[in-house]
Each structure stands twice: as C-alpha cells, then as structure tokens.
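An overview of the molecular structure
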Amino acid sequence: MKEILLRIICFCLLTVLATSTTFAQIIDFNRENPYRKVFVETDDFSTSYLDTLEQALPKVKIDSIRFSILNDLAYYWHTRDLVKALDFTKQGLALTRSKEDTLWNGRFQITEGAILLRMEKLEEAEQVLICARGKVLEIDLPLLNTQLGYVYERRGQLDKAADFALETLNLGKKLNDKWAMAMAYSDLSNLFWKQSKFEAGLEYGIKSLKAFEAGNINGLDYSFTLFVVANNYLALKEHDEALSHFRHSIAVGERYGFYNNLSDIYISMVDFYIDRDEPKKAEEAGENALKYAELLHNNFMVMRCWLTLGKLQNLQGHFTSAIESLHKCIAIATEDFGDTFQLSQAYEALSSAYAGNNNYEKAYGAYAQHDSLKSKIFTAEADHRISLLRTEFDVANKESTILIQEAQIQKQRNGQLLISIITALLLLLLLLSYKTIRNKFKVNQLLRKQNAEKEFLLKEIHHRVKNNLEIISSLLSLQSAQIEDPDLSNVMTESKHRVQSMGMIHQKLYMGEDMAAVEMKDYFINLTAYIQDSFGMRDQVQVEVMMDEISLDVDVAIPIGLIVNELLTNSFKYAFPDMREGKIVIRLVQSEGLLHLKVTDNGIGTGSEGHVIGTGFGTQLIALLTKQLDGQMVLETTDGTSVSIQFNHSKAA
C-alpha cells in the first residue's frame, strides 16, 4: 500500500514539474517578451499548450499580452472545439469593448468570423469580418481576406473568393508576408480544384507549399495545403503522390490536434481508397472523418462525412443505406445551408441512390435540386473571372522576369558601347550586324505576337460560344423542371442534348491544339457518356465507339455530332424498354474522300413507336443534316436497328 501511495505522489510531482516547465517555456514574466506565440516563436503546440495558456491568462496584467493570449486561445480552439472557441472569442470581444481597444476588438472579430463560417453561419461571419476591416491594421488584412474568401467559396461564389485571394497575394508581396503569399496560392489551388481545373490547382498548390516551407511555417494552413495538393493529385490519378501528401497532412494534423483538417483529409481518403478498390479502408476513412467532425462540433464537416459515406454506399450497391446517410446529410444542412457546392453533391448522390432503388420519380426530383444548385455555382461569369485572374497572376510573374532580362540587356549594351570606343571599324560592323539581326528579330517577334493574339482570340470566341451554349442548356434544364406536360418536357430535354452536343464541339476546339478541326472519337465518347448519364442508363446499355482517331472540320463535325445525338437519343428512348440491357456501336470511317457513319443497336427494332423511322422532329433533323452534307442514309432492322450514312467528305467540307 505504501509503495502504491509513493508512486502516486511521484507521478503528481512529475506532472506538476512538467506543467511548470511547459508554462515557463510559453509564459515567462522575466523575459522582455513574456509570451512566446505558437507557430511564430515556437512550434510546441502540444495537447497541453491551450491548457497552459488558459491557466496563465488570469496572471497576465498587461492588456496587449492578455488580448494576444485570449485571441490565440479562441483561434486555436476552433481547430478542436468550435463551441469552446466561440466562448473564448466572446470573452475577448467583451474585454476589448470594456477597455475601448478598437484594434484588438477588430482582431477578435476576425477570429469570430473564422469560427462562425465553420459553423455555417455565413451571413453573420460576413458582417463581422466587414465590420473588422475598418478597425484593424494592414498587417491583419491577409487573415481577414482569407476568411472572407472562405465565406464566398462556401456560398459557391468562386469568382469573389478568387478576388480576395488576389488581394491577399498583393498584400503579401507588399508586406513581405510569406504566410499571406502562401495562403493566397493555397486558396487558388483549392478554387481551381473545385472547378475541376486540376493541373492549375496542382501548380498553385505546389507554389503554396514552397512558400510555407521557405518561411518555415508548419501549422494549420500548411496541413490544409498538403490536403489540397493531395486532392489535385488524386483527381489526376497520381495515387502515389496523393497518398504521400495525405499522410504528411495527417502527420501534421495529429501532431497538433487539428480536427478540422483531419476530418477533411479522411473524407478525401474515402475517394482515394475507392479509386484503389479498397472498400474496407474507404469505410475506415469515412468513420475517422465522422469521428473528428463530431469532436469538433462542426455540422458542416458532419454533413460532408454523411455525404461521403452515402457516395461510398452507392458504389457498393447499398442504396437503402445510402439514402439513409444522404438524408442525414441534407437534414444537417437545412434549407439555408451555406455551401451550395456540397449541397449540390448531396442531391446528386441522393438521385443516384433513388435510381439504384428503382424510385425514378424521387431520383428525378433530387437530380433537379442538384442541377439547380450547380447552375448557381458554375456560372459562365465565375469561370471567366477566375480565368482572367489566373492570367493576371501569370502576367505579373512574367513582368518580373522581363524586368530582369531588360537589366541584363542593358549591361550588354554598355559592354558593346565600350568596345565601340576602342575601334570605330568594329563598332560600325557590330552596329550594322546588330541592326540587321534586331530588325529580323522584331519582324519575327511581331509575327509570333500576331499569331498568338489571333489564336487567343479564336480560342476565346469558341470558349464564349461554349459558355453561352451551356447557359442555354442550363435554362432549358430549369424550364424543363417546371413543365408538367411529359411530352413537352421531353422536347425541352432533347433540345438541351442538341445544344450540349454543339457545346462539346466548341469546348474541344478551344482546349485543343487545332482551332479548325475536332477529333471525333474522343468527342463521341464524351457525347455518349453525357447522354447515358442523362437517361440514367450507364449500367443498362453499353456504348462502344469502334473507330480510329479522325479529325474533321467544325462545319462537318457539328452536323455529324447532331446526327449521332439524335440516333443515340432514339435508341435510349425506344430500343431498350423495361430495363432491357443492350449495346450500341458507333463507327466512323474515312476512305477515298468518303465518310461512312454507322450507328447500330441490338434493341427491339423499328417495332417500337418512333424508333428511327417516324415523322418527329428528330427524324426530320437527321434527314435535313444528311442532305446538308450531301449524304445518303440506309436503314437496317435485323436484330435491332442499324443506320448507315455515307457522306461525300470533299463536298461536305
């Protein structure tokens, strides 16, 4: 008994001694600067760090140090417990008001905004942050802008979020603030990832990591950036790099107890393990994500966890469980949920779950909600604005390089002038040679510039046409969702498919190397995938594109694309009733100035009403387009339906 008592006493003494040592390392009133801020003067953010600060707070008499400690308590608790973090923030706001300290009151408002937005109180967060802007110093604005950017990102206003990232980057350069520059690049990486521009996302994510590491900044935001870079690697199917960055981010998150980041990481790792066909590990990652989200008291993260679990259950074919998980997700979100992007993903997954359970009416309703929310996020204006911002970043970097090159050129000219003084003859020869070369260089440079400008303008035209067609397609979707007449609704949907088929042509033109021609095989693959998803028949009907790569002029590609769109639509609508499985084959062959297009299905044939042969608008459109291309159509109805069209390529072009 005495031995046990002695051990308890020793343990208590050691605990007190360790606590005293930690306290002395962080708070020492004998030092000129009594408080060593975490991630600035120390990275000792152990589990006892916040407890040490809380114990020290009543002993601090200097207001500025007291405010600094209290603000750090509020800010860093928001990585572990949002409710407790908000309590410390309220204490700080009340204390600074009583002391009439406007500057520190504004800084506490920045912290309050960071907490509120993670609680999905976006309106309150925005108001608080805007109010703080007029109180704080310029050095505080990068953190404020970052939080405001998160508010607009959560709402799906990605263009406004990008504007704040740009402002943060410019402030970082002006103030030589490495954290601000690194955070701006990190936010851009995340925004490009949300827009599915993964190459750009990876480029800016790596810039951010290099800036963090150059400034020896190893904390919350570094961990978040590792996670963002891993997401971009995962989207690009570079699994080894993705796993390496996920593990690094987890190591930092676990070391410092960043529950918010850990929940984020494990959510993405569900997708990672799904890609690797490791469902057991995917389930474990989903459970870890939910565990950290609930520890944090963060409804936004809990909602995303249920969304991820619902997606996983869909892939496993557990549709009833998926519906239950996704309803929990949407119930947490509520109608005024701030993050439109995540909510649109939830309704898309719910639509798939209902479809998997053969409840097509509810599946359609959920997909309509997804489509409506998505159209609010990925607007043409937002896409255009972010593209312009990226151009501004690139131009700013290039201008810096040009200034260095101009300085080097000036030094060379000074050297040439010195040589010219030594010998007039050499000067004359050098000047003549220099002028000749310079003139040729200017001519070549002018030609290159003109060609580049023309190519840019042509790409921009195709880009804008594609964006306008997408707007029309979205409007047709919205209108179709409000039409009760099924026949009229089908007409609107078919019109949307036609617009989408033309939009894909223009997208391939501005993304490709050749501005005048479209590679048809890849185009058919994308078109068939879109139509399969539209009819929800990806698992029911297999589509095979059996052809070599063929590039056609845009004037030929658009009519052929519309013809294939109509034939595929007919097959999906009529050839495979009653969930009948089947196959559609598309062939396009070019030989001796002729194009041979053949679309075959093994469906029920022409016995189905309106299938291929009929008087509907689709049939008339096929006939008109075939005539426009000087073609001839042959119909075969043995073992399904086969439509063959032969075009005179030279006349069509």
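Everything numeric in this text was worked out from a predicted model, so none of it was measured.

Caution is warranted with low-pLDDT regions, since their predicted coordinates should not be read in detail. Here the protein averages 78 in pLDDT, while 75% of its residues score no lower than 70. In this model, residues 1-25 is a region of pLDDT below 50 whose contacts with residues beyond four sequence positions or in other chains number 10 contacts. Note on residues 608-615: pLDDT under 50 across the span, and 20 contacts to partners over four residues away in sequence or across chains.

This brings us to helix H7 (residues 141-155). For H7, spanning 15 residues, the distance from its first C-alpha to its last is 21 Å, which sits close to the expected 21 Å at 1.5 Å a residue. Across the 15 residues that make up H7, a large majority, 14, are buried. Directly after H7, the chain includes Gly156, whose backbone phi takes a positive value near 90°.

We now examine a nonpolar patch on the surface. A contiguous nonpolar surface patch, about 350 Å² in accessible area, is contributed by Leu417, Leu418 and Ile421. Within the secondary structure layout, Ile421 lies in helix H19 (residues 380-422). Judged by relative accessible area, Ile421 falls into the exposed class, the value being 66%.

Read from one edge of the open sheet, five strands run E2-E4-E5-E7-E6, paired in mixed fashion. The open sheet is flanked by strand E2 (541-545) and strand E6 (631-636), the only strands paired with a single partner. When the angles between neighbouring strand axes are averaged without regard to direction, this sheet yields 10°. Strand direction decides the pairing type here: strand E4 (residues 582-591) and strand E5 (residues 594-601), joined by eight bridges, are antiparallel. Looking at the pairing, Val585 lines up with Thr600 of E5.

Our focus in this paragraph is the pairing of strand E7 (residues 641-648). With six of eight residues buried, E7 is to be regarded as a mostly interior element. Across eight bridges, the pairing between E5 and E7 is antiparallel. In the strand pairing of E7, Lys598 is matched with Ser644. Judged from the six bridges that link them, E6 and E7 form a sheet pairing that is antiparallel. The residue bridging Val634 from the neighbouring strand is Ser644, located in E7.

One recurring pattern in soluble globular proteins: nonpolar side chains tend to sit buried together. Counting residues in each nonpolar core, the largest one holds 112 residues, and the members touching the most others are Ile69, Leu73, Phe246 and Met269. If near-sequence neighbours (up to four positions away) are discounted, Met269 is found in contact with Leu243, Phe246, Ile250 and Ala285. Membership of the second largest hydrophobic core comes to 38 residues, among which are Val518, Leu568, Phe572 and Val643.

What the rule picks out here adds up to 15 aromatic pairs. Relative to Trp104, the ring of Phe67 lies with its centre 6.1 Å away and its plane at 50°, an arrangement referred to as tilted. With Phe67 in helix H3 (residues 63-77) and Trp104 in helix H5 (residues 102-118), this pair connects stretches of sequence that are 37 residues apart. With respect to burial, Phe67 and Trp104 carry one shared label: buried.

Our next topic: the pairing of E4. Both E2 and E4 contribute to a ladder of five bridges, which runs parallel. What sits directly across from Glu544, in E4, is Val585. In this antiparallel pair of consecutive strands, E4 and E5, the connection spans two residues, and Glu592 shows a positive phi of 50°.

Counted under the stated rule, the structure contains 13 salt bridges. Here Lys174 makes a salt bridge to Glu138, at a shortest N to O gap of 2.7 Å. In this pair, Lys174 is assigned in helix H8 (residues 158-175) and Glu138 in the loop between helix H6 (122-133) and H7, connecting sequence segments 36 residues apart. By relative accessible area, Lys174 is classed as exposed at 59%. The class of Glu138 is partly exposed, set by a relative accessible area of 33%.

The next thing to look at is the packing of H3 against H5. In the contact formed by H3 and H5, the axes pass within 10 Å of each other and the chain directions differ by 5°. The angle between the axes of H3 and H5 places the two elements in the roughly parallel class. Between H3, through Ser64, Phe67, Ser68, Leu70, Asn71, Ala74 and Tyr75, and H5, the contact on the second element is made entirely by Trp104, Arg107, Phe108, Thr111, Ala114 and Ile115. In terms of residue class, the contact of H3 with H5 is made up of eight nonpolar, four polar and one charged.

What follows deals with helix H10 (residues 198-214). Compared with an ideal rise of 1.5 Å per residue, which puts 17 residues at 24 Å, H10 spans 24 Å between its outermost C-alpha atoms and is within 8% of the ideal. Residues Ala200, Gly201, Leu202, Tyr204, Gly205, Ser208, Leu209, Ala211 and Phe212 constitute the buried set of H10. Asn216 lies just past H10 and shows a positive phi near 55°.

Another point: the side chain of Glu126. With respect to the helices and strands, Glu126 occurs in helix H6. In this structure the side chain of Glu126 is engaged in a polar contact, spanning 2.6 Å, whose partner is the side chain of Tyr152. At a separation of 2.7 Å, a polar atom in the side chain of Glu126 contacts the side chain of Arg155. Sequence-distant contacts of Glu126, that is, excluding residues within four places in its chain, are made with Leu148, Val151, Tyr152 and Arg155.

The rules behind the values
- Residues numbered from 1 in each chain as written.
- Predicted model: local features only at pLDDT ≥ 70, side-chain atom pairs only at ≥ 80, totals over all residues.
- Heavy atoms only, no water.
- pLDDT = per-residue confidence, 0-100.
- Contact = heavy atoms within 4.5 Å.
- Helix = DSSP H or I, 4+ residues; strand = E, 2+ residues; numbered from the N terminus.
- Expected span 1.5 Å × (residues − 1).
- Buried < 20%, exposed > 50% of the residue type's maximum accessible area, 1.4 Å probe, protein only.
- Patch = residues over 30% accessible without salt bridge, like charges linked within 9 Å, V, L, I, M, F, W, Y side chains within 5 Å.
- Areas by Shrake-Rupley, 256 points an atom, 1.4 Å probe, with all protein chains shown as cover.
- Salt bridge = Lys/Arg side-chain N within 4 Å of Asp/Glu carboxyl O.
- Pairing = 2+ DSSP bridges.
- Axes fitted to C-alpha atoms, helices over the stretch in contact; angles between N-to-C directions.
- Core = buried A, V, L, I, M, F, W, Y, C linked by side-chain atoms within 4.5 Å.
- Phe/Tyr/Trp six-rings, centres within 6.5 Å; stacked < 30°, edge-to-face > 60°.
- Parallel < 35°, antiparallel > 145°, perpendicular 65-115°, else oblique.
- Nonpolar A, V, L, I, M, F, W, Y, C, P; charged D, E, K, R; others polar.
- Polar contact = N/O pair within 3.5 Å; in protein donor to acceptor, adjacent residues only side chain to side chain.

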